[in-house]
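Summary of the model geometry
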Amino acid sequence: MSQSSFQEISASDFFYRNRDIAGFTNPSRAIFAAIRELVENSLDAAESLKIPPDIYVRLLPVGKEDNGSQVFKLRVEDNGSGIQPRFIPSAFGQVLYGSKYKLKQMRGTFGLGGKMAVLYGQIMTHKPAAITSSTGQAKIYSFKLMIDIQRNRPIIVDRKVLINKEKWRGTIVEFFIEGDYLRAMPKILEYFKQTAMVNPYANLTFVDPKGRLYRFTRSTTEMPEPPKETLPHPYGVDVELLQRLIYISPHKTIVDFLKNHFHRVGNITAKKFLAFTGLSPTKKTKKLSREEIVTLTQNLKKFKEFLPPDASCLSPLGNDLLKAGIMKELKPEYLVVSQRKPSTYAGHPFIVEIGIAYGGAIARKNSFQIYRFANKIPLLYDEASDVSYKVINAINWRRYKVTPDMPIAIVVHICSTKVPYKTVGKEFISDREEIRREVANALREVSRKIHHFMSKREHVDKERKRISIFAKYLPRIAEFSTSLAGKETRPDIKKLIASVRKYGKEE
Ligand SMILES: Nc1ncnc2c1ncn2[C@@H]1O[C@H](COP(=O)(O)OP(=O)(O)OP(=O)(O)O)[C@@H](O)[C@H]1O
Ligand SMILES: [Mg+2]
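Residues numbered from 1 in each chain as written. Chains lettered and ligands numbered in written order. Predicted model: local features only at pLDDT ≥ 70, side-chain atom pairs only at ≥ 80, totals over all residues. Heavy atoms only, no water.

1. Structural notes on the overall build of the protein chain
- Secondary structure assignment for the protein chain yields 13 helices and 14 strands.
- In summary, the protein chain has a C-alpha radius of gyration of 29 Å against a globular reference of 23 Å for 507 residues, an excess of more than 25%.
- Projected onto its principal axes, the C-alpha coordinates of the protein chain cover approximately 110 × 70 × 65 Å.
- A burial count over the protein chain gives 51% of its 507 residues as buried.
- The long-range fraction of contacts in the protein chain, counting pairs at least 24 apart against all pairs at least 6 apart in sequence, stands at 72%.
- A total of about 25700 Å² of accessible surface is found on the protein chain, and carbon and sulfur atoms cover 52% of it.
- Measuring between centres, the 84 positive side-chain charges of the protein chain sit 3 Å from its 52 negative side-chain charges. (Helix = DSSP H or I, 4+ residues; strand = E, 2+ residues; numbered from the N terminus. Rg over C-alpha atoms; globule rule 2.2 N^0.38 Å. Buried < 20%, exposed > 50% of the residue type's maximum accessible area, 1.4 Å probe, protein only. Contact = heavy atoms within 4.5 Å. Areas by Shrake-Rupley, 256 points an atom, 1.4 Å probe, with all protein chains shown as cover. Lys, Arg positive; Asp, Glu negative; His and termini not counted. Charge placed at Lys NZ, Arg CZ, Asp CG, Glu CD.)

Structure representation (structure tokens):
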């Protein structure tokens, strides 16, 4: 038997070999994914300071590769928080490095997106990425970076420091990427449109390779409250997390440990729980045996009296902003939105926001237009695998006087500290029971309202038809009856029609 040879690969090497799972499948998907990842980083960076985002994206053609494919220079510029210089190289040159591995709602979660874009650009064009950033202080830092894929480390090719006279704050990312813009174009434009819909306080500018300018202007400067970082909720804890917390905790007794490291656990709840699990409140956490830690974890899940997580770690849009966003991009004739109360799955808080819109700029197709969002990110691929799609299709819409051929858009926004994406490409949300239930409840709520609207519309339509029949036949009836009666002057029917019309208008 031949000997197998073993080797270890780094995280960047893994994603270099498996770029499909991060959404970088082919030149068209890659160019879409690169723009999307960088725009999302920019939105996060501006929102973290509650600044209305101003994001400028330019895709400039710079020539053809030997294999005939097109190379572009992609530049994404924002007015966000900026990055401190010591973090820039790793933030853009080391896979699985980031500032967002925290318990609060953000677009970024994996510490991967920006690097995948840079890595894809690098392996196709062998050129470094340029990152320029300032936190608004005295200096602007500019780096040229490449990724050492085998070691998963940034290589600093060049570094410059400039004086920040204007007190500019933000980040500019620029790199070369091979791609197929023509094929990616519909999705890219749709991405901007939907991003504008769910971020109505953002200014987005996109200059495409032909120099065409697409501008999505903000309709409000109101922004949702930024989320607050939270502690883990007892229902979402496993043995590994518990062990890590015990290891780093300065709190010695188990009651203090529980109070200080878990979300919504105060003195009373901690003591009740310890009575439930049969441990003394003064027991030292570092003295817990392995078995005790396992039992403790199991009991954390079983204890029914923990309060549900509060929603301060989430930053949903709220009804007004969701309405503003949908009105801005779809200009519907009728719109109803609703935000559900916070709920949880596996200890992770989440909120479902929903909107249903009729008419206006919504196209009439053979099915509803479904707009899916997670943490204010539009999800454009793999619609049929998404939980919202399944829930929408399971509803008997005829009950609500709605049919798929009507110009109807359904907007579903799920926000959570941990959106259960099925891939790191963030394209669709897995079918969690609790999420499914909340989406279904939200849909039912807005469907009842659209039902009411449809019934009224039907009634108005009938009335309109009735009036037009009156308007058409009354003059003739008047004419015939005048001649039948052998009279010269026709009776004045204007008044009669006017009175019917008036009634119609009131309706
Ligand atoms: N435009 C930006 N402004 C400020 N900080 C940024 C910007 N872009 C990236 N960063 C920083 O770089 C880090 C890495 O970004 P990257 O996109 O690779 O991962 P992420 O956003 O944390 O997670 P995800 O993989 O889900 O996108 C971020 O966590 C953030 O701290
Ligand atoms: Mg990111």
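2. Some remarks on the pairing of strand S7 (residues 203-207)
- Most of S7 is tucked away: 5 of the 5 residues are buried.
- Here S7 shows no split at all, with Asn 203, Thr 205 and Val 207 on one side and Leu 204 and Phe 206 on the other all buried.
- Pairing analysis gives 5 bridges linking strand S1 (residues 54-64) to S7, with the strands arranged parallel. Note that in S7 the partner of Asp 54 across the bridge is Asn 203.
- Pairing geometry for S7 and strand S8 (residues 213-216), over 4 bridges, is antiparallel. Bridging across to S8, Phe 206 finds its partner in Tyr 214.
- Here S7 folds back onto S8 in antiparallel fashion, the turn holding 5 residues, of which Gly 211 has a positive phi close to 85 degrees. (Pairing = 2+ DSSP bridges.)

3. Focus on the side chain of Thr 277
- Inspection of the secondary structure assignment puts Thr 277 in helix H8 (residues 267-277).
- Owing to a relative accessible area of 16%, Thr 277 belongs among the buried residues under this scheme.
- Not counting residues within four places of it along the chain, the set of residues in contact with Thr 277 comprises Leu 296 and Asn 299.

4. Notes on the site of ligand 1
- Lining the immediate surroundings of ligand 1 are 24 residues, of which Ser 99, Thr 109, Leu 112, Gly 113 and Lys 426 lie closest.
- Leu 112 is positioned with one of its backbone polar atoms (N or O) 2.6 Å from an oxygen atom of ligand 1.
- Contact between ligand 1 and Thr 171: a nitrogen atom at 3.4 Å from a side-chain N or O atom of the residue.
- When isolated, ligand 1 has an accessible area of 590 Å², and the protein chains bury 94% of it.
- Looking at the shell around ligand 1, the elements that each hand over two or more residues are helix H2 (27-47), helix H3 (88-93) and helix H4 (113-125). (Near = heavy atom within 4 Å. Polar contact = N/O pair within 3.5 Å; in protein donor to acceptor, adjacent residues only side chain to side chain.)

5. Considering the environment of Leu 204
- On the secondary structure map, Leu 204 appears in strand S7.
- Each C-alpha atom of the pair Leu 204 and Ile 395 lies 35 Å from the other, and the pair is 191 residues apart in sequence.
- Not counting the four nearest positions on each side in its chain, Leu 204 is found in contact with Ile 55, Phe 192, Thr 195, Ala 196, Tyr 214, Arg 215 and Phe 216.

6. Brief notes about the pattern of salt bridges
- Scanning the entire structure with this criterion turns up 32 salt bridges.
- Of the charged contacts in the structure, one is a salt bridge between Lys 50 and Glu 225, with a shortest N-O distance of 2.9 Å. Highlighted residues: Lys 50 in the loop between H2 and S1 and Glu 225 in the loop between S8 and helix H6 (239-248), separated in sequence by 175 residues.
- Put simply, Arg 75 and Glu 174 hold a salt bridge, and the shortest N to O gap is 3.1 Å. Placement of Arg 75 in strand S2 (residues 70-78) and of Glu 174 in strand S6 (residues 169-179) is noted, with a sequence separation of 99 residues between them.
- Glu 174 sits in the buried class, given a relative accessible area of 16%.
- Beyond isolated ion pairs, a larger network of salt bridges with shared partners links Asp 44, Glu 47, Lys 100, Arg 107 and Lys 376. (Salt bridge = Lys/Arg side-chain N within 4 Å of Asp/Glu carboxyl O.)

7. So, the packing of aromatic side chains
- Applying the stated criterion across every chain yields a total of 21 aromatic pairs.
- Here the aromatic rings of Phe 192 and Phe 206 are separated by 5.0 Å at their centres, their planes lie at 20 degrees, and the arrangement is stacked. Placement of the pair is Phe 192 in helix H5 (residues 181-198) and Phe 206 in strand S7, with a sequence separation of 14 residues.
- Ring centres of Phe 276 and Phe 303 lie 5.2 Å apart, and the angle between their planes is 50 degrees; on these two criteria the pair is classed as tilted. You can see Phe 276 sitting in helix H8 and its partner Phe 303 sitting in the loop between helix H9 (290-302) and helix H10 (319-330), a full 27 residues away along the chain.
- A residue is classified by how much of its surface remains accessible, and Phe 303, at 3% relative accessible area, is buried.
- Site record: aromatic cluster; members linked through ring pairs are Phe 32, Tyr 181, Tyr 191, Phe 192, Phe 206, Tyr 214, Phe 216 and Tyr 381.
- The side chain of Lys 127 reaches across the aromatic face of Phe 176, ending 4.9 Å from its centre. (Phe/Tyr/Trp six-rings, centres within 6.5 Å; stacked < 30°, edge-to-face > 60°. Lys NZ or Arg CZ within 6 Å of the ring centre and 35° of its normal.)

8. Brief notes about the nonpolar core
- Counting 51 residues, the largest nonpolar core has Phe 24, Ile 35, Val 57, Leu 74, Phe 175, Ile 188 and Phe 192 as its most contacted members.
- Here the element with the most residues in this core is H2; it accounts for 9 residues.
- When residues no more than four places from it in sequence are discounted, the contact partners of Phe 175 are Ala 34, Leu 38, Phe 72, Lys 73, Leu 74, Ala 117, Val 118, Gly 121 and Ala 129.
- Counting residues in hydrophobic clusters, the runner-up holds 37 residues, among them Tyr 345, Phe 350, Ile 392 and Ile 429. (Core = buried A, V, L, I, M, F, W, Y, C linked by side-chain atoms within 4.5 Å.)

9. Some details on H5
- Here H5 contains 18 residues, and its C-alpha end-to-end distance of 24 Å stays within 8% of the 26 Å for a straight helix at 1.5 Å per residue.
- Taken as a whole, H5 carries its principal kink of about 25 degrees at Lys 187.
- For H5, every residue scored as buried is listed here: Tyr 181, Ala 184, Ile 188, Tyr 191, Phe 192, Gln 194, Thr 195, Ala 196, Met 197 and Val 198. (Expected span 1.5 Å × (residues − 1). Bend = angle between axes of the 7 residues up to and from the residue.)

10. Examining the domain arrangement of the protein chain
- What the domain assignment lists for the protein chain is domain 1 (11-216), domain 2 (234-302), domain 3 (312-438) and domain 4 (454-506).
- Averaged C-alpha coordinates put domain 2 and domain 3 at centres separated by 37 Å. (Domains from an automatic or database assignment.)

11. Structural notes on the pairing of strand S4 (residues 139-148)
- Here S4 lies mainly inside the structure; 8 of its 10 residues are buried.
- Where strand S3 (residues 129-135) and S4 come together, 5 bridges link them in antiparallel fashion. If you follow Ala 129 over to S4, its bridge partner there is Leu 145.
- Counted between consecutive antiparallel strands, the loop separating S3 from S4 contains 3 residues, among which Gly 136 sits at a positive phi close to 95 degrees.
- The pairing of S4 with strand S5 (residues 153-163) spans 10 bridges and is antiparallel. Bridge assignment links Phe 143 to a residue of S5, and that residue is Arg 159.

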